[in-house]
Amino acid sequence: MSNMATTTETTATTEAEGGHGSAFPPLDASTFPSQLLWLAIAFGLLYILMSRVALPRVAAVLEARRGRISGDLARAKALRDETQAVIADYEAKIAEARKQASGIAQGARDTVTAQIDSERAAIEQKLAKQVADAEARITASKQKALADITSVAETAAQDIVASLTGGKVSAADAAKAVADAAKG
Amino acid sequence: MAAQTIDPIHQFQVHEYFSLPDMGGMSFAFTNSALFMLAAVFLITFTLVAGTARRALVPGRLQSVTELWYEFIEKMVHQVLGHEGMKFFPLVFSLFSFVLMANFLGMMPYFFTVTSHVIITATLAVMVILIVLAVGIYKHGLHFFKLFVPSGVPIFILPFISLIEVISFLSRPVSLGLRLFGNMLAGHIVLKVFSGFVALMVASGGIGYFGAIFPLGMAVALTALEFLVAFLQAFVFAILTCVYLNDALHPGH
Amino acid sequence: MDAEAAKLIGAGIACIGMGGAGIGVGTIFGNYLTGALRNPAAAPAQFTNALIGAALAEGLGIFSLVVALLLLFVK
């Protein structure tokens, strides 16, 4: 029953406070002036606070974040560009060094090859000379031998004719005969 | 007795805390309505200022709320009004925040709902329409009234179309104000009625003591719905403000 | 008939108008969902329009509720 007591109390206070007479508070015209006044004060205050204080603050925070993010992105891009430049530089240097190294190697190879070639040429020349000398000596000995053979054959032919026929053959005839025989 | 225990209207009563001197035959007073209006203003400002106090790069909870709140309205204004409409952003933000905070404060038990009074919502709506008219006439002069004369309409039905357009324009503040007022009023009355059922059934004892679970569940579900409605009505108020302002900025459409 | 009773009956009749608002809001969100399921990519952009439409439709229902409340509570 305490429940009932409180409800009666509530209704009692309602009647006491609702002294404006109308039963429907939202349409009670006697409260309109004060509500309008305080609405104007409250909304005007809110508008001024929002447009002057609060919204610029939030905008500044958001702007700072956007600026920071785009700044970070720009810095990252700059760093990446820098890294790429360093890498390109490094690669260029490597390529140059490689080229240089291969040039040195080529030079050394060329020098050695030239030396080898010249030495080989000298040796070959020497050998060729020796061969030529040897060949010349051989030809000379052969011709000498051939000349000896002719004279021996003439003498032998004179001797053979003398011993067979007892006649005498002149040296010129003998030589002619030997030459014919050698030819035939 | 029962009719007296469920008094769904009592929550809308305006109480006078202290009265101010009368001016021009009208009595002004500091009422609970004024208190909750100022409380809403204070809470909005406090949240926004406290949320941005640390200016953290990685936002905390309060700062996230602040930024979401800001960007939600910013996106809406930008979407409807375009870039040139951003000078109305503080106005739309103030309207949205004021209505939202008043609605949410009203959802607290024993708290007064500022937006359940027709004078508040109607004043806000009329203010919006007056701003629309002022901006439209300032920007376009008499061309603004082409809004009521759509192009490409045959001349013999043009008067009727214009009449309908004028009526539709004049009904905007009425519907804008009454929608918010009606939603808040109806929601709170329904909540109060179901809560009253709980009290009545518990008081009757016996089966009613256990049967009270049904209106209680209903009241809980309605509370959730009312929170949704509180947000949705603030959103609708703000976006309709944007749409009407768009008419003022681009009356040709 | 008693004037008080007529007011109560009138309030009840006025609330029928809420049904029209219910039909309107249901149509709007039903059609929104139909469209959203057909073309989910375009759905988020149109949600705002759906809400505006629902608010406009619901506002008319609220008018009838306000009329009912006026009949009920205004002496």
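Residues numbered from 1 in each chain as written. Chains lettered and ligands numbered in written order. Predicted model: local features only at pLDDT ≥ 70, side-chain atom pairs only at ≥ 80, totals over all residues. Heavy atoms only, no water.

### A short note on the overall build of chain A
Tallying secondary structure elements over chain A gives 3 helices and 0 strands in all. Along its sequence from the N terminus, chain A presents helices and strands in the succession α-α-α. Put simply, chain A has 184 residues, and 14% of those count as buried. (Helix = DSSP H or I, 4+ residues; strand = E, 2+ residues; numbered from the N terminus. Buried < 20%, exposed > 50% of the residue type's maximum accessible area, 1.4 Å probe, protein only.)

### With respect to the interface of chain B and chain A
Counting residues at the interface gives 57 residues for chain B and 44 residues for chain A. Both faces considered, chain B and chain A share a buried interface measuring about 4500 Å² in area, 75% of it formed by carbon and sulfur atoms. Counting across the chain B and chain A interface gives 2 salt bridges. Here E67(B) ties to R65(A) by a salt bridge, and the two come within 2.9 Å at their closest N and O atoms. Joining chain B to chain A, the criterion identifies 7 residue pairs in polar contact (both at pLDDT 80 or more). Secondary-structure elements contributing two or more residues to the side of chain B that touches chain A are helix 1 (2–5), strand 2 (29–31), helix 2 (32–51), helix 3 (61–81), helix 4 (89–107), helix 5 (118–140) and helix 6 (158–204) of chain B. Take the side of chain B that touches chain A: its biggest share by element is 9 residues, from helix 2 of chain B. (Contact = heavy atoms within 4.5 Å. Buried area = accessible area lost by both parts, 1.4 Å probe. Salt bridge = Lys/Arg side-chain N within 4 Å of Asp/Glu carboxyl O. Polar contact = N/O pair within 3.5 Å; in protein donor to acceptor, adjacent residues only side chain to side chain.)

### Let's talk about the pattern of salt bridges
In the structure shown here, the tally under the stated rule is 7 salt bridges over all chains. Residue D89(A) is joined to K93(A) by a salt bridge in which the shortest nitrogen-to-oxygen separation is 3.8 Å. Here K93(A) and D89(A) lie together in helix 2 (residues 32–165), a separation of 4 residues that amounts to about one turn. The partner of D247(B) in a salt bridge is R172(B), with the nearest N and O atoms 2.7 Å apart. Of this pair, D247(B) sits in helix 8 (residues 213–249) while R172(B) sits in helix 6, placing them 75 residues apart in sequence. Classification of D247(B) by relative accessible area gives buried; the value is 12%. The exposure class of R172(B) is buried, given its relative accessible area of 15%.

### Structural notes on the interface of chain C and chain B
Often, the extent of an interface is quoted as the loss of accessible area upon association of its parts. With 13 residues of chain C in contact, the opposing surface of chain B contributes 19 residues. If you sort the residues of chain C by the area they bury against chain B, L51(C), I52(C) and F63(C) come out on top, with a joint share of 31%. Where chain C touches chain B, the interface holds 0 salt bridges. Counting the contacts that link chain C with chain B gives 3 residue pairs in polar contact (both at pLDDT 80 or more). Looking at the side of chain C that touches chain B residue by residue, the class counts come to 10 nonpolar, 2 polar and 1 charged. (Nonpolar A, V, L, I, M, F, W, Y, C, P; charged D, E, K, R; others polar.)

### Re the environment of Q35(A)
Secondary-structure assignment places Q35(A) in helix 2. The class of Q35(A) is buried, set by a relative accessible area of 1%. Excluding residues within four positions of it along the chain, Q35(A) makes contact with V14(B), S33(B), M37(B), H117(B), I119(B) and I120(B).

### Digging into a nonpolar patch on the surface
Residues and elements named next belong to chain B. Where nonpolar side chains cluster on the molecular surface, the patch consists of M108, Y110, F111 and F227 and spans about 470 Å² of accessible area. Following the sequence through the fold, Y110 ends up in the loop between helix 4 and helix 5. According to the relative accessible area criterion, Y110 is exposed, its value standing at 86%. (Patch = residues over 30% accessible without salt bridge, like charges linked within 9 Å, V, L, I, M, F, W, Y side chains within 5 Å. Areas by Shrake-Rupley, 256 points an atom, 1.4 Å probe, with all protein chains shown as cover.)

### With respect to the packing of aromatic side chains
Here the structure, examined in full by the defined rule, presents 23 aromatic pairs over all chains. Ring plane angle 10 degrees and centroid distance 5.2 Å describe the contact between F18(B) and F30(B), whose orientation is recorded as stacked. Note that F18(B) is positioned in strand 1 (residues 16–19) and F30(B) in strand 2, a separation of 12 residues in sequence. Judged by relative accessible area, F30(B) falls into the buried class, the value being 12%. Plain terms: the ring middles of F42(B) and F46(B) are 5.8 Å apart, the flat faces sit at 20 degrees to each other, and that makes the pair stacked. With F42(B) and F46(B) both in helix 2 and 4 residues apart, the pair spans about one turn of that helix. Cluster of aromatic residues (ring-pair linked, three or more members): W38(A), Y17(B), F18(B) and F30(B). (Phe/Tyr/Trp six-rings, centres within 6.5 Å; stacked < 30°, edge-to-face > 60°.)

### Some points on the packing of helix 2 of chain B against helix 4 of chain B
Residues and elements named next belong to chain B. At their nearest, the axes of helix 2 and helix 4 sit 9 Å apart, and the two run at 115 degrees to each other. Helix-helix and strand crossings are classified by hand; for helix 2 and helix 4 the assignment is right-handed. Here F36, M37, A39, A40, V41, L43, I44 and L48 of helix 2 come into contact with helix 4, specifically with F93, S97, F98, M101, A102 and L105. Of the residues belonging to the contact of helix 2 with helix 4, the class tally is 13 nonpolar, 1 polar and no charged. (Axes fitted to C-alpha atoms, helices over the stretch in contact; angles between N-to-C directions. Left-handed = near helix turned anticlockwise from the far one by under 90°.)

### Points about the environment of F194(B)
Residue and element names in this part refer to chain B. Among the structural elements, F194 can be located in helix 6. A sequence separation of 48 residues divides F194 from K146, and the C-alpha atoms of the two residues are 49 Å apart. Ignoring anything within four residues of it in the chain, the contact list for F194 reads P215, M218, A219 and L222.

### Focus: the confidence of the model for chain C
Across chain C, the average pLDDT comes to 88, with 97% of residues at 70 or higher. Mean pLDDT values for the elements of chain C range from 85 in helix 3 (residues 43–73) of chain C up to 93 in helix 2 (residues 16–38) of chain C. (pLDDT = per-residue confidence, 0-100.)

### Comments concerning the side chain of T45(B)
Topologically, T45(B) is positioned in helix 2. Setting aside residues no more than four positions away along its own chain, T45(B) makes contact with L46(A), L49(A) and M50(A).

### Topic: the side chain of S33(B)
On the secondary structure map, S33(B) appears in helix 2. Assessed through its relative accessible area of 0%, S33(B) is described here as buried. A polar contact is formed between the side chain of S33(B) and the side chain of Q35(A), at a distance of 3.0 Å. Sequence-distant contacts of S33(B), that is, excluding residues within four places in its chain, are made with Q35(A), F112(B) and V114(B).

### Quick word on the confidence of the model for chain A
Residues and elements named next belong to chain A. Looking at chain A as a whole, its pLDDT mean stands at 83, while 87% of the residues score no less than 70. Ranking the elements of chain A by mean pLDDT puts helix 1 (residues 2–17) last with 39 and helix 2 first with 91. Ignoring residues within four places in sequence, the model shows residues 1–21, a span with pLDDT below 50, making 15 contacts including any to other chains.

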